[in-house]
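Residues per chain are reported as follows:
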Amino acid sequence: MEIIRSQKKASSAAASSNGGSTLPLYRSAPTLEVRLEEFERSAVDRLVVLRGISDALARGKKPDEMEKLVSDLWKANMRHPQASEVINKDIISHFVLRLVYCRSEELRKWFLSMESTLFRYRFRRENSDVHLALMTELGIPYKVVSQKEFEELRDKLNQVARSVSQPLPTPNGLYKVSFEEVPELVASRKVFIQKGYAYVALNQVVSFVVPHFRSHLSKALVLTNRKWTSMIREQEKDRLTPIVEALATSYLGPDYCQDKEFGEISLKDIDQVARTSFPLCMQHLFYTLRDDHHLKHGGRMQLGLFLKGVGLKLDDALAFWKAEFSQKVGAERFDKEYAYSIRHNYGKEGKRTDYTPYSCQKIILSTPGVGDHHGCPYRHFSEENLRAVLGKMGVSSRALDDVIEKAKSRHYQLACTLTFEALHNSSCDAGINHPNQYFSDSQNILKEKVNYRGEKMEYVNSLMHYIIILYQFSVVQCWSNVEMDLNGKHEETYETKEKQCMHQNGCSTRLKIAKFNTTPLSWKLKQ
């Protein structure tokens with residue numbers, strides 16, 4: 001993408017080329033003047049949309065849920081203060097991310113899948129005129145079914161439509177294309193085929209438009225990669241290259257530098273919160289440190305910055321690490337070799353940088369070596385080890401299978417999200433994107449449960465107090481009658497009179513009087 005003098009006609013030209021649609025096909029890079037801040041901000045906003053789509057797909061959202069999700073994500077993140085600039089932001093952000101995700105096969109595959117899904121749901125929201133304009137621009141060979149041909153095939157078309165619960169086709173909304181163009185519809189038997197042509201209704205054209213869009217984008221990503229490696233990366237090494245290389249692994253949420261919501265955690269509480277609110281990656285490091293009294297540099301950084309983020313102050317952090325390390329290397333060696341790096345993480349040494357905790361993306365992309373314990377267990381553990389440690393955490397067997405399946409499918413953050421939901425018996429629609437987010441959400445849920453239990457107990461205690469008062473009044477009234485009867489009829493037993501008392505007051509709970517001549521409080525309730 002060239003970055004030259006502004007040519008604001010780009011957006012209007014793109015819109016007019018496809019029938020006034022705000023859905024571009026990204027056939028060529030725009031010639032726009034783009035500030036670096038806008039360059040990066042636009043890409044980040046679009047990346048939020050694509051990652052939201054990725055998470056929803058991994059969760060198995062239904063098509064109608066996906067359509068609403070994509071619409072909401074787009075409205076929330078791709079707005080612009082100037083309405084005329086919305087399409088420019090759309091085009092700029094796409095081409096920036098094309099640079100970001102062209103650099104490896106894995107990145108290209110992810111970007112291609114997410115952009116195709118985004119295009120599919122945006123296309124479905126456009127009108128028929130836009131559909132035809134986009135089909136023409138993509139060069140898709142199609143024919144409009146004439147009224148005569150439609151009448152000849154009406155019964156067969158209606159039969160196919162009813163079999164798949166689709167609306168009955170209309171003569172002005174039916175097209176025929178080569179059956180090879182719509183393998184998705186053919187495989188699911190959603191179209192009528194005759195003489196090599198598939199008869200596609202207007203609401204089905206997305207099935208052969210998206211593959212053309214995907215094919216074009218796939219070829220464009222390969223070409224972009226060649227330009228990036230041969231020319232752009234070196235030419236822009238001091239300006240664009242650092243931004244492009246950072247975007248693929250960027251974390252887009254809060255930095256969790258310090259936990260402002262829950263404040264400090266103390267050393268006496270750390271074992272409790274580790275058991276209830278640490279994610280698996282941090283629990284593994286924490287308990288390894290407790291057992292071995294040592295962690296290598298990668299583990300110390302990952303766990304140390306996480307503890308800083310959850311509210312462990314510098315003095316407590318030094319005491320915590322020293323208590324463990326001194327059991328293996330001695331207190332003197334700890335002060336000489338390890339204390340500096342802890343102070344450095346808190347911005348008290350060196351450049352005085354206030355370092356932030358690692359995000360899930362950074363942890364997943366790390367490469368632990370022999371003897372290392374950092375990284376993401378959902379990626380780096382064997383299936384056997386992962387099952388064992390999740391079972392030890394308390395994940396049920398049914399949820400465990402789902403977690404393992406997501407880990408096998410390389411949806412590591414979703415596997416962590418499912419673990420969170422299983423342990424806390426609560427949904428996490430936003431997904432887990434940061435270990436400190438896991439901790440914060442966990443603490444919120446636990447706090448709500450404690451408050452709920454307190455309110456429930458207060459309600460139960462009030463209710464019981466009210467019931468006791470009622471029973472006291474009932475027992476006093478009834479017992480006075482029993483005493484009067486007993487004075488006149490000594491032959492009746494206390495048990496008989498007690499039954500009479502219960503019967504007269506309609507009590508379902510058995511009232512047992514401990515002693516006759518006592519205060520009204522000296523009685524018990526027995527189930």
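Refer to the preceding data block for the structure.
This structure is a prediction, so every number in the text was calculated from the model and none was measured.

**A few points about the packing of helix α11 (residues 270-277) against helix α12 (residues 280-292)**
Remark: α11 packs on α12, axes separated minimally by 10 Å, with the N-to-C direction vectors making an angle of 140°. By the criterion of interaxial angle, the relationship of α11 to α12 is oblique. In this structure, α11 meets α12 at a crossing whose hand is left-handed. Taking contact as the criterion, the partners of Ile270, Asp271, Ala274 and Arg275 in α11 are, on α12, Gln283, Phe286, Tyr287 and Arg290. A breakdown of the residues in the contact of α11 with α12 according to their chemical character gives four nonpolar, one polar and three charged.

**With respect to the nonpolar core**
If you look at the biggest cluster of nonpolar residues, it comprises 62 residues, and the most contacted ones within it are Ile53, Leu97, Phe119, Phe123, Val200, Phe208 and Val209. Once residues within four sequence positions are removed from consideration, Val209 is found in contact with Phe119, Phe123, Met135, Leu138 and Ile140. Core analysis: the second largest hydrophobic core is formed by 56 residues, Ala274, Leu305, Cys428 and Ile432 among them.

**So, the pairing of strand β4 (residues 197-201)**
Among the five residues that make up β4, four are buried, leaving the element largely enclosed by the rest of the structure. Here five bridges tie strand β2 (residues 174-178) to β4, and the two strands are oriented antiparallel to one another. Paired with Val177 across the strands is Ala198, a residue of β4. Judged from the three bridges that link them, strand β3 (residues 192-194) and β4 form a sheet pairing that is antiparallel. Paired with Gln194 across the strands is Tyr197, a residue of β4. Here β3 folds back onto β4, and the loop between the two strands holds two residues, one of which, Lys195, carries a positive phi near 55°.

Definitions and limits used
Residues numbered from 1 in each chain as written. Predicted model: local features only at pLDDT ≥ 70, side-chain atom pairs only at ≥ 80, totals over all residues. Heavy atoms only, no water. Axes fitted to C-alpha atoms, helices over the stretch in contact; angles between N-to-C directions. Helix = DSSP H or I, 4+ residues; strand = E, 2+ residues; numbered from the N terminus. Parallel < 35°, antiparallel > 145°, perpendicular 65-115°, else oblique. Left-handed = near helix turned anticlockwise from the far one by under 90°. Contact = heavy atoms within 4.5 Å. Nonpolar A, V, L, I, M, F, W, Y, C, P; charged D, E, K, R; others polar. Core = buried A, V, L, I, M, F, W, Y, C linked by side-chain atoms within 4.5 Å. Buried < 20%, exposed > 50% of the residue type's maximum accessible area, 1.4 Å probe, protein only. Pairing = 2+ DSSP bridges.

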